[in-house]
Structure formats: structure tokens, C-alpha cells
Amino acid sequence: GSENSIEDVFIINGDGWKKGRCEMTKEDGNILDYIVVCISEFASEYGMHMRDSYQYLSRYKGIEFLKEFYDVEHTLSFHEVLNDLTVLCRKNGGTV
């Protein structure tokens, strides 16, 4: 089973990054780590700042997609994941 743990996390809010604490399962931690890496890779691919990448992926349903389909997406190459995110975000109105 999954163990709960207390983790230091960084939360993005309107004022930028802030450190907080929350309880999460190991699986939740793995998903969070994966999403952070995807945000970073997306930012690198398109020459964006991490914050802009996060806001774009949130607005156009990329973060939601990564959470919902983590079980499949995390088995793919980052090239394939970035392609999936690009296509999805464009279908939802994104222009990157």
C-alpha cells in the first residue's frame, strides 16, 4: 500500500512560489515530481520561464491531463509527452 508522509512542497500562487507542507502518498509524490519535470521540459522546449509554462499548461488543461493520464504518459519519452501536451493545449485554445 501507499504510505503517507509529510513533504515540503512548493506551491505556485499569484505571488510566485511559496514553501508549504502537506501530507501526500508516495504515488502522489511521484505524480507531483513528474508534473514538475514536465513543466520544466515544456518551458525548455518553448523558451519559457517555469512560471509561464505552469500557467499555460494549467490554463489549457495540460496539468489536468498529466494527472489523469499519468499511468500512461510517464512511460513515454519526454518528446512524446511534450507533443501530447502541445496538441492538447492547442485543442483547448493555446497558441504555443
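Residues numbered from 1 in each chain as written. Predicted model: local features only at pLDDT ≥ 70, side-chain atom pairs only at ≥ 80, totals over all residues. Heavy atoms only, no water.

Q: Hey, could you run me through the packing of aromatic side chains in this one?
A: Each aromatic ring pair is summarised here by two numbers: the centre-to-centre distance and the angle between the ring planes. Overall, the coordinates contain 6 aromatic pairs when judged by the stated rule. A centroid spacing of 5.4 Å and a plane angle of 75° characterise the contact between Tyr34 and Tyr70, whose relative ring orientation is edge-to-face. Of the two residues, Tyr34 sits in helix α1 (residues 26–46) while Tyr70 sits in helix α4 (residues 70–73), which places them 36 residues apart along the sequence. You'll find Tyr34 and Tyr70 in the same group, each marked buried. Ring geometry for Tyr56 versus Tyr60: centroids 4.9 Å apart, planes at 55°, classification tilted. Taken individually, Tyr56 and Tyr60 each receive the classification buried, so the pair is uniform in this respect. (Phe/Tyr/Trp six-rings, centres within 6.5 Å; stacked < 30°, edge-to-face > 60°. Helix = DSSP H or I, 4+ residues; strand = E, 2+ residues; numbered from the N terminus. Buried < 20%, exposed > 50% of the residue type's maximum accessible area, 1.4 Å probe, protein only.)

Q: Help me understand the confidence of the model for the chain, please; the structure alone is not making it clear to me.
A: Caution is warranted with low-pLDDT regions, since their predicted coordinates should not be read in detail. Across the chain, the average pLDDT comes to 84, with 75% of residues at or above 70. Predicted confidence in the chain is weakest over strand β1 (residues 4–13), with a mean pLDDT of 48, and strongest over helix α5 (residues 78–91), with 97. Across residues 1–8 the pLDDT falls below 50, and counting only partners more than four positions away or on other chains, this stretch makes 20 contacts in the model. (pLDDT = per-residue confidence, 0-100. Contact = heavy atoms within 4.5 Å.)

Q: How do you make sense of the packing of α1 against α5 when you look at a structure like this?
A: Helix packing geometry: the angle between the two helix axes and the distance between the axes. For the pair α1 and α5, the least separation of the axes is 10 Å and the interaxial angle reads 80°. Classed by the angle they form, the pair α1 and α5 counts as roughly perpendicular. Counting all contacts with α1, which are made through Tyr34, Val37, Cys38, Glu41, Phe42, Glu45 and Tyr46, the residues of α5 involved are Phe78, Val81, Leu82, Leu85 and Thr86. Tallied by class, residues from the contact of α1 with α5 come to 9 nonpolar, 1 polar and 2 charged. (Axes fitted to C-alpha atoms, helices over the stretch in contact; angles between N-to-C directions. Parallel < 35°, antiparallel > 145°, perpendicular 65-115°, else oblique. Nonpolar A, V, L, I, M, F, W, Y, C, P; charged D, E, K, R; others polar.)

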